[in-house]
Amino acid sequence: MSPDPRNLKHGRRRAARVVRAATVLAVLSTLTLTPTQASAQPYPIGGAIRTEYDEAGGFAFFGNALNPESDAARGGRWQEFEKNSSIYWHPLVSDGHANEIGGAIRAKWGDLGWENGALRYPTSREMPTRKPGRFNQFEGGTIHWSPSTGAHNTWGAIRDKWATLSWEDGRLGFPVTDEFPAKNNGAGQHFEGGSIYWSASTGARVISGAIRDTWASQNWENGRYGYPISDEYDYNGGRAQDFQGGRIEWHPPR
């Protein structure tokens, strides 16, 4: 018996509808693929690290993962990406939110021992500063970077003092050195606009300008003036600052 032409026609219509539906589904699937999926990540990105990956810019910012998610210190996790960034996570840091770190700031952090060093885990992703530059916050301090100064860490009492002066946006500007040891277990750090010196007996003090130049000419804290015991203040129409070994005054030329 010959097949009914009506059934053949109906079958061809149904097959055409199936093909058209499959084509539409394929197009929609392609349109909804994320850049990460489309790039066929060599290593899976999941959990808190995936959340930060997506929030901080996704594939366009990070590129592919270079390693599987791996163990970090004290129960944390980390993963590195091809565009010079990593993401670090610890359940007790940033309320369990992972944080991106990259470029010169990541390199500086690495020099200081990564999450095993004094800075420990990042508590923010890399962010812009108010003056042209970048920074990351950490459990133990901060790293700031600018094109002219490079990346430098600040922490402790010197960082706290710098913060009271509006960080890099204040008169001291960006740090130009890391913190360094000074006399009698003290510490100092130089900035674009001056210095901050700290000792246990004097606290953290800012010193800058002509008074700083005079102090430096007398061998800084190792000379006869010792550490500053006050910040600079107005004095007799000029400026002055008190030190362990005396006062340094500055007056405008007449």
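Everything that follows concerns the structure shown earlier in this document.
Notes on the structure follow. Note that the structure is a prediction, hence the values are computed from the model and not measured. (Residues numbered from 1 in each chain as written. Predicted model: local features only at pLDDT ≥ 70, side-chain atom pairs only at ≥ 80, totals over all residues. Heavy atoms only, no water.)

**Re the overall build of the protein chain**
The condition that has to hold: Numbering of helices and strands runs from the N terminus, with a helix taken as a DSSP run of H or I at least four residues long and a strand as a DSSP run of E at least two residues long. To sort residues, take the accessible area from a 1.4 Å probe on protein chains only and compare it with the maximum for the residue type: under 20% means buried, over 50% means exposed, and anything in between is partly exposed. Working rule for contacts: check all heavy atoms of both residues, and any pair within 4.5 Å makes them a contact. Computed with the Shrake-Rupley method and a 1.4 Å probe, the accessible areas treat only the protein chains shown as cover for residues.
Within the protein chain, the secondary structure is distributed over seven helices and 15 strands. Burial status across the protein chain gives 39% buried among its 254 residues. If you take every contact in the protein chain between residues at least 6 apart in sequence, the share linking residues at least 24 apart comes to 38%. For the protein chain, the accessible area works out to roughly 13,600 Å², and carbon and sulfur atoms hold 54% of it.

**Observations concerning the sheet that holds strand 5 (residues 127-128)**
Threshold: Two strands pair under a simple rule: DSSP has to find at least two bridges between them.
Spatially, four strands are ordered 5-6-7-8 in an open sheet, and the strand pairing comes out antiparallel. The sheet terminates laterally at strand 5 and strand 8 (150-154), the two strands that pair on one side only. Looking at chain direction, strand 6 (residues 134-138) and strand 7 (residues 141-146) are connected through five bridges and run antiparallel. Bridging across to strand 7, arginine 134 finds its partner in tryptophan 145.

**Topic: the packing of aromatic side chains**
The line we're drawing: For Phe, Tyr and Trp, rings pair up if their centres lie within 6.5 Å, where Trp contributes its six-membered ring, and each pair is then called stacked (planes under 30 degrees apart), edge-to-face (over 60) or tilted (otherwise). A ring is scored as having a charge over it whenever the NZ atom of a lysine or the CZ atom of an arginine sits within 6 Å of its centre and within 35 degrees of its normal.
Counted under the stated rule, the structure contains 18 aromatic pairs. Residues tryptophan 162 and phenylalanine 191 carry aromatic rings whose centres are separated by 5.3 Å and whose planes lie at 40° to one another, so their mutual orientation is tilted. With tryptophan 162 in helix 6 (residues 156-164) and phenylalanine 191 in strand 10 (residues 186-191), the pair connects residues that are 29 residues apart, well separated along the chain. Accessibility expressed as a relative area gives 0% for tryptophan 162, which makes it buried. Given the relative accessible area of 4%, phenylalanine 191 is considered buried. With a centroid separation of 5.7 Å and an interplanar angle of 35°, the aromatic rings of tryptophan 215 and phenylalanine 243 are classed as tilted. Taken together, the residues span a long stretch of sequence, with tryptophan 215 in helix 7 (residues 209-217) and phenylalanine 243 in strand 14 (residues 238-243) at a distance of 28 residues. With respect to class, tryptophan 215 is no different from phenylalanine 243; both count as buried. By the ring-pair criterion, three or more aromatic residues cluster together here, those being Trp78, Tyr88, Trp109, Trp114, Tyr121 and Phe138. The residue whose ring lies beneath lysine 83 is phenylalanine 59, and the NZ or CZ to ring-centre distance is 5.9 Å.

**A look at the environment of alanine 107**
The topology assignment puts alanine 107 in helix 5 (residues 103-111). Taking the relative accessible area as the measure of exposure, alanine 107 reaches 44% and is therefore partly exposed. It is 8.7 Å that separates the C-alpha atoms of alanine 107 and alanine 151, two residues lying 44 residues apart in sequence.

**What about the sheet that holds strand 2 (residues 76-81)?**
To keep things clear, this is the line we draw: Think of each axis as a best-fit line through the C-alpha atoms, taken over the contacting stretch in the case of a helix, with angles from 0 to 180 degrees between the N-to-C directions.
With respect to topology, four strands assemble into an open sheet ordered 1-2-3-4, the strand pairing being antiparallel. At either margin of the open sheet sits one strand with a lone partner, and together these are strand 1 (70-72) and strand 4 (99-102). For this sheet, the mean angle separating the axes of adjacent strands, direction not counted, is 35°. Here strand 1 runs beside strand 2; their pairing, made up of three bridges, is antiparallel.

**Remarks on unusual backbone geometry**
Backbone geometry places asparagine 184, a non-glycine residue, at a positive phi of 55°. Looking at where asparagine 184 falls in the secondary structure, it is placed in the loop between strand 9 (180-182) and strand 10. Asparagine 184 gets classed as exposed once you look at its relative accessible area, which sits at 62%. In this structure, asparagine 236 is a non-glycine residue whose phi angle is positive, near 50°.

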